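Coordinate analysis (summary)
If you want the building blocks of each chain, they are given just below.
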Amino acid sequence: MTRSTPAPLTVGIVGFGKIARDQHVPAIAATGLFRLAAVVSPHGATPEETGLRDVPVFRSQAEMLAALPGLDAVAICTPPAVRHALTVEALRAGKHVLIEKPPAATLTELRLLLDAAEGAKRTLFAAWHSRFNAAVEETRRRLAGATVRHAAITWKEDVRRWHPGQDWIFAAGGFGVFDPGINALSILTAILPGPVVVRDAELRVPANRDTPIAATLRMEGVAGSAVGTVTAAFDFLQEGEQTWTIAIETESGRFDLTHGGTRLSEDGVPVMAEPDSEYQRIYRRFHQLIADATGDVDARPLQLVADACLIGRWRTTDAFHW
Ligand code: NAP
């Protein structure tokens, strides 16, 4: 007798932009654990745009939920400012919810999302995609029990290249350079053997925009912890070579986590380099969380950004135009 494979769970993607197209659609297809049952696109993406022939497109999540009452899950891939209301709506409709990073626009919104998931008895998974690299887990393993003297984050990319025309990123609630920067902080909080707090920050906001285009942070381990100082330099105007690195000096050696967390070397010797498979791991984890009737929401990267915004010095810099 052959055992039948359980049917994949159905999932709708809410917000069909760059990340939905580039990562969510192929990862859903590759794992086979979910079936993409619908897409929500306010401007009404055509099949030519979505590249999906047999998947219905709805103008709002409410329309999708009404039309597909049996849908199991949604993946919220919108900009963060609209995410809270959509997540609450989906949870109340009884759906399991995966949310892209950053999981909410404010800490209170995130706190309330946890309550909503608990009340609905559904899985809420705030996916920090950069953490799903094998080299990040390997770094965490090697740093466990170590004393970290200093870590330096350098996260410098060209916003015109990676986020062309995405005005929401520079509007209030769009995070500015913290949109990529929070990925570095998600890795940092996963790998360090102790917590850090923000001691100092400078945030530079273009004269014609709301959110920082560059920021520097100085963080410290708390008294008695195994972590010393951490600096972070975030820049959205980096032309030429793009840099997403974290250099960590411990009492016994140096670790370099580079290329967005996909490569690790120890004392200059390569340890691990893996092609990007973050999103397949994310969907496997989402499926497991649903099977275990639990969730996964870590607020720490968002807390660090919020703290930098609270205690940082705000400076006006040159206007930004695409
Ligand atoms: P994007 O290309 O601007 O796409 C966002 C999409 O959200 C748009 O297509 C927009 O639809 C849709 N949307 C806005 N409000 C909506 C609503 N109320 N209901 C349904 N859909 C709505 O942005 P993105 O680059 O994909 O980024 C989205 C999120 O993913 C961000 O939080 C970002 O940090 C995260 N992320 C992005 C990347 C990346 O490389 N781009 C990587 C990892 C994570 P319309 O076009 O119809 O307005």
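Below you will find a few notes about this structure. Think of each chain on its own: its residues are numbered from 1, step by step along the sequence as written. Whole-chain, interface and lining totals are the exception, using all residues; otherwise, since this is a predicted model, local features are given only for residues with pLDDT of at least 70 and side-chain atom pairs are given and counted only at 80 or more. In computing side-chain values, all of the structure's heavy atoms are included and hydrogens and water are not.

Moving on, we get to the site of the ligand. Surrounding the ligand, one finds 24 residues, the nearest of these being Lys18, Ile19, His43, Arg83 and Asp179. Between the ligand and Phe16 there is a distance of 3.4 Å, counted from an oxygen atom to a backbone nitrogen or oxygen. The protein chains hide 79% of the 890 Å² of surface that the ligand would expose on its own. Here a strand is any run of E in DSSP of at least two residues, a helix any run of H or I of at least four, and the numbering for each starts at the N terminus. The set of elements that each furnish at least two residues to the shell around the ligand consists of helix H1 (18-31) and helix H4 (83-92). Here the shell around the ligand is built from residues that sort into 13 nonpolar, 6 polar and 5 charged. Note that domain bounds follow an automatic or database assignment of domains. Residues lining the shell around the ligand come from more than one domain, with at least three contributed by each of domain 1 (9-126) and domain 2 (131-274 + 305-317). Any residue with at least one heavy atom within 4 Å of a molecule or strand is counted as near it. As used in this structure description, the phrase polar contact means that two N or O atoms lie within 3.5 Å; if the pair is within protein, one of them must be able to donate a hydrogen and the other to accept it, and residues adjacent in sequence are counted only when both atoms belong to side chains. All accessible areas in this document rest on Shrake-Rupley with a 1.4 Å probe, and a residue is counted as covered only by the protein chains that are shown. Note on residue classes: Ala, Val, Leu, Ile, Met, Phe, Trp, Tyr, Cys and Pro are nonpolar, Asp, Glu, Lys and Arg are charged, and everything else, Gly too, is polar.

Pairing in this open sheet of 6 strands is parallel, and the strands run E3-E2-E1-E4-E5-E6 from one edge to the other. Among the strands making up the open sheet, the edge pair consists of strand E3 (57-58) and strand E6 (124-126). Here strand E2 (residues 34-40) pairs with E3 via 2 bridges, running parallel. Opposite Val39, over in E3, you have Val57 as the bridge partner. Strand pairing follows a simple DSSP-based rule, namely that at least 2 bridges must link the two strands.

Oppositely charged side chains can form a pair if their charged atoms are brought close together. By salt bridge we mean one thing: a side-chain nitrogen of Lys or Arg within 4 Å of a carboxyl oxygen of Asp or Glu. Tallied over the full model, the rule gives 19 salt bridges. One salt bridge in this structure joins Asp179 and Lys101, with 3.5 Å as the shortest N-O distance. Remark: Lys101 occurs in the loop between strand E5 (96-99) and helix H5 (107-120) and Asp179 occurs in helix H8 (residues 178-191); sequence separation between them is 78 residues. Here the two residues Asp179 and Lys101 agree in accessibility, since each one is buried. Close ionic contact of Asp115 with Arg111 constitutes a salt bridge, the shortest N to O distance being 2.9 Å. Separated by 4 residues within a single helix, Asp115 and Arg111 lie in helix H5, roughly one turn from each other. Judged by relative accessible area, which is 38%, Asp115 ranks as partly exposed. Within this structure, Glu138, Arg141, Arg142 and Glu266 form a network of salt bridges that share partners. Only protein chains enter the area calculation, which uses a 1.4 Å probe; residues under 20% of their type maximum are buried, those over 50% are exposed, and those in between are partly exposed.

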